[in-house]
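# Geometric and topological summary
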Amino acid sequence: MNNKDLITAAINATKYSYSPYSKYKVGAAILTKNNKVYTGCNIENASYSATVCAERTAIFKAVSEGEKAFTKIAIVCRKDSDSSDNDYPSPCGVCRQVLSEFCTDDFQIILAKNEDDFKIYTLKDLLPHSFTVKNL
C-alpha cells in the first residue's frame, strides 16, 4: 500500500473520533506486514487519563486480531471537521512506547496534514532510547 492510501485511511478514521473536550480529532492507519490496514481514532473521556490515542486504538485492534508485525503507520489530525489548517501530528510518548513493543527501529511513522503534505520518520527517529524487552 502506498503512503497516500494509508493517509486517506487515517483521514477517514478521524470521522469516528470522540473528542468533545479537545476538539482535536486524530486518525491513524497502521499497515501490517501481511498488507492489512487497521484504523483507529482518539477516544476521549472526562477523566483524561482514561482517554486513548488513535495510534494505540489502531495497533490494539490489530494485535487483538493476531497481528504483531507492522511496516508503517499514518497519523493525521483535524482541529475541527472543516479546518484546512491542520498541523503535523506527532504520537505521544505512550504511543511511541507501545509502537516500540511491536515495531522495529526502521518502522515508518508518517505524520500527515493531507495526502500530499506529509513527513516520514522512523521509530528510532522519534524514540531513540526506547525501553524494550532487552532492558528487562
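Everything discussed here concerns the structure shown above.
Below, the structure is looked at part by part. Every value quoted in this text rests on a predicted model; they were computed, and no experiment measured them. Here the residue numbers are simple positions, counted from 1 along each chain's written sequence. Reporting in this predicted model follows two pLDDT cut-offs: at least 70 for local features of residues, and 80 or more for side-chain atom pairs to be given and counted; totals over whole chains, interfaces and linings ignore these cut-offs and use all residues. Each side-chain value is derived from all of the structure's non-hydrogen atoms; neither hydrogens nor water enter the calculation.

### Remarks on the packing of helix H2 (residues 54–64) against helix H3 (residues 93–102)
Any two packed helices are characterised by the angle at which their axes cross and by the distance between the axes. Put simply, H2 and H3 touch, their axes get as near as 9 Å, and they point 25° apart. In this view, H2 runs roughly parallel relative to H3, as classed from their interaxial angle. For the pair H2 and H3, the sense of crossing is left-handed. From H2, Glu-55, Arg-56, Ile-59, Phe-60 and Val-63 reach across to H3, where they touch Val-94, Cys-95, Val-98, Leu-99 and Phe-102. Classification convention: Asp, Glu, Lys, Arg as charged; Ala, Val, Leu, Ile, Met, Phe, Trp, Tyr, Cys, Pro as nonpolar; all other residues, Gly among them, as polar. Tallied by class, the residues present in the contact of H2 with H3 amount to eight nonpolar, no polar and two charged. As a rule, the C-alpha atoms of each element are fitted with a line to give its axis, helices using only the stretch in contact, and angles between N-to-C directions run from 0 to 180 degrees. Runs of E in the DSSP output that reach at least two residues are strands. Runs of H or I that reach at least four are helices, and both are numbered from the N terminus. Relative orientations are named as follows: roughly parallel for angles under 35 degrees, roughly antiparallel for angles over 145 degrees, roughly perpendicular for angles from 65 to 115 degrees, and oblique for any other angle. What makes a crossing left-handed is the near helix being turned counterclockwise from the far one by less than a right angle; a clockwise turn instead makes it right-handed. The contact definition used throughout considers only heavy atoms, calling two residues in contact when any of these lie within 4.5 Å.

### Re the environment of Ala-58
On the secondary structure map, Ala-58 appears in helix H2. Burial classes follow relative accessibility: with a 1.4 Å probe on protein chains only, a residue under 20% of its type's maximum area counts as buried, one over 50% as exposed, and anything between as partly exposed. Here Ala-58 falls in the buried class, since its relative accessible area comes to 0%. C-alpha of Ala-58 to C-alpha of Thr-39: the two residues are 19 residues apart in sequence and 4.7 Å apart in space. Beyond its immediate chain neighbours, meaning those up to four positions away, Ala-58 contacts Ala-28, Ile-30, Tyr-38, Thr-39 and Gly-40.

### Some points on helix H1 (residues 3–13)
Side chains that are three or four residues apart share a direction in an α-helix, a result of its 3.6 residues per turn. Buried within H1 are the following residues: Asn-3, Leu-6, Ile-7, Ala-9, Ala-10, Ile-11 and Ala-13. The inward-facing, buried residues of H1 abut strand E1 (25–32), strand E2 (37–41), strand E3 (70–78), strand E4 (108–114) and strand E5 (117–122). One side-chain oxygen at the N-terminal end of H1 lies 3.0 Å from the backbone nitrogen of Lys-4; it belongs to Asn-2. Any pair of nitrogen or oxygen atoms within 3.5 Å is treated as a polar contact; in protein, a donor-acceptor pairing is required on top of that, and neighbouring residues in sequence qualify only through side-chain atoms on both sides.

### Some remarks on H2
Of the residues making up H2, those classed as buried are Ala-54, Glu-55, Arg-56, Thr-57, Ala-58, Ile-59 and Ala-62. In the core, the buried residues of H2 are packed alongside E1, E2, E3 and H3. Gly-66 lies just past H2 and shows a positive phi near 95°.

### Details of the layout of surface pockets
Points on a 1 Å grid, built from protein atoms alone, make a cavity when a 1.4 Å probe fits but cannot get out and make a pocket when they are open with protein on both sides within 12 Å along at least 5 of 7 lines; residues with an atom within 4 Å of a point are the lining residues. Grid points are joined across faces, edges and corners, and a volume is the space filled by probe spheres set on the points. Reported here for the largest pocket is a volume of approximately 270 Å³. The wall of the largest pocket is formed by 14 residues, among which Ser-100, Asp-105, Ser-130, Thr-132 and Lys-134 lie closest to the centre. Among the elements of the structure, H3 and helix H4 (123–126) are those that each provide at least two residues to the lining of the largest pocket. Tallying contributions element by element places H3 first for the lining of the largest pocket, with three residues. The residue inventory of the lining of the largest pocket, partitioned by class, reads six nonpolar, four polar and four charged. In this structure, the second largest pocket occupies an estimated 210 Å³ of space. The wall of the second largest pocket is formed by 15 residues, among which Tyr-24, Val-26, Asn-42, Cys-53 and Glu-55 lie closest to the centre. Per-class residue counts for the lining of the second largest pocket are nine nonpolar, four polar and two charged.

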